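Read off the chains here:
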Amino acid sequence: MEPLANQHCEACSPTATKLDEQEIFDLLPEVGNWRLVTVDAIAHLKRVYRFKNFAEALKFTNRLGELAEEVGHHPAILTEWGRVTVEWWSHEIGGLHKTDFILAARSDVAFESI
Ligand SMILES: C[C@H](O)[C@H](O)[C@H]1CNC2=NC(N)=NC(=O)C2=N1
């Protein structure tokens, strides 16, 4: 298995295929805290995390950033006092890939450790 740092992001290659509606709906129950939203006709996974202050929100933001850099796949993150809004989707393929669901689940694991 390639070391994580060297793993390329399959979801980031234009040749990757995005999930169809049925595949998305089959996977959604596995990321129960996330909502499916459409932005500019592109499906995103979205979750708002709440924190007791800005410092905690920033700590989580940085943890997410490290996770994203490890795999080369990056979320949209809005960091506010007491709140971090995260959206995952695959820019290159203009939709959702299994990788986005995996990273949404890993975002929840990172949240539990804050
Ligand atoms: C060149 C770079 O690896 C690509 O642009 C990566 C960066 N991170 C990415 N993140 C996400 N979410 N989707 C992408 O298509 C993507 N592409």
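Let me sum up the structure you'll find in this document. Since the model is a prediction, treat every value here as computed from it, not as a measurement.

**What about the packing of helix α2 (residues 54-71) against helix α3 (residues 98-112)?**
- It is the contact of α2 with α3, at a shortest axis distance of 10 Å, that shows an interaxial angle of 140°. On the basis of their axis angle, the class for α2 and α3 is oblique. Crossing of α2 over α3 shows right-handed handedness. Contacts between α2 and α3 involve Phe60, Arg63, Leu64, Leu67, Glu70 and Val71 from the first element and Leu103, Arg106, Ser107, Ala110 and Phe111 from the second.
- Broken down by class, the residue content of the contact of α2 with α3 amounts to seven nonpolar, one polar and three charged.

**Concerning the environment of Ile42**
- On the secondary structure map, Ile42 appears in strand β2 (residues 42-50).
- In contact with Ile42, not counting residues within four places along its chain, are Val37, Trp89, Gly94 and Gly95.

**Comments concerning the packing of aromatic side chains**
- Enumeration according to the criterion identifies six aromatic pairs in this entry.
- Centre to centre, the rings of Phe51 and Phe111 are 5.4 Å apart; their planes meet at 80°, and the pair counts as edge-to-face. With Phe51 in the loop between β2 and α2 and Phe111 in helix α3, this pair connects stretches of sequence that are 60 residues apart.
- Note on Phe60 and Phe111: the rings are 5.9 Å apart at their centroids and 80° apart in plane angle, and the pair reads as edge-to-face. Here Phe111 lies in helix α3 and Phe60 lies in helix α2, a separation of 51 residues in the sequence.
- Connected via pairs of aromatic rings, a cluster forms that spans Trp34, Tyr49, Phe51, Phe60 and Phe111.

Definitions and cut-offs
- Residues numbered from 1 in each chain as written.
- Predicted model: local features only at pLDDT ≥ 70, side-chain atom pairs only at ≥ 80, totals over all residues.
- Heavy atoms only, no water.
- Axes fitted to C-alpha atoms, helices over the stretch in contact; angles between N-to-C directions.
- Helix = DSSP H or I, 4+ residues; strand = E, 2+ residues; numbered from the N terminus.
- Parallel < 35°, antiparallel > 145°, perpendicular 65-115°, else oblique.
- Left-handed = near helix turned anticlockwise from the far one by under 90°.
- Contact = heavy atoms within 4.5 Å.
- Nonpolar A, V, L, I, M, F, W, Y, C, P; charged D, E, K, R; others polar.
- Phe/Tyr/Trp six-rings, centres within 6.5 Å; stacked < 30°, edge-to-face > 60°.

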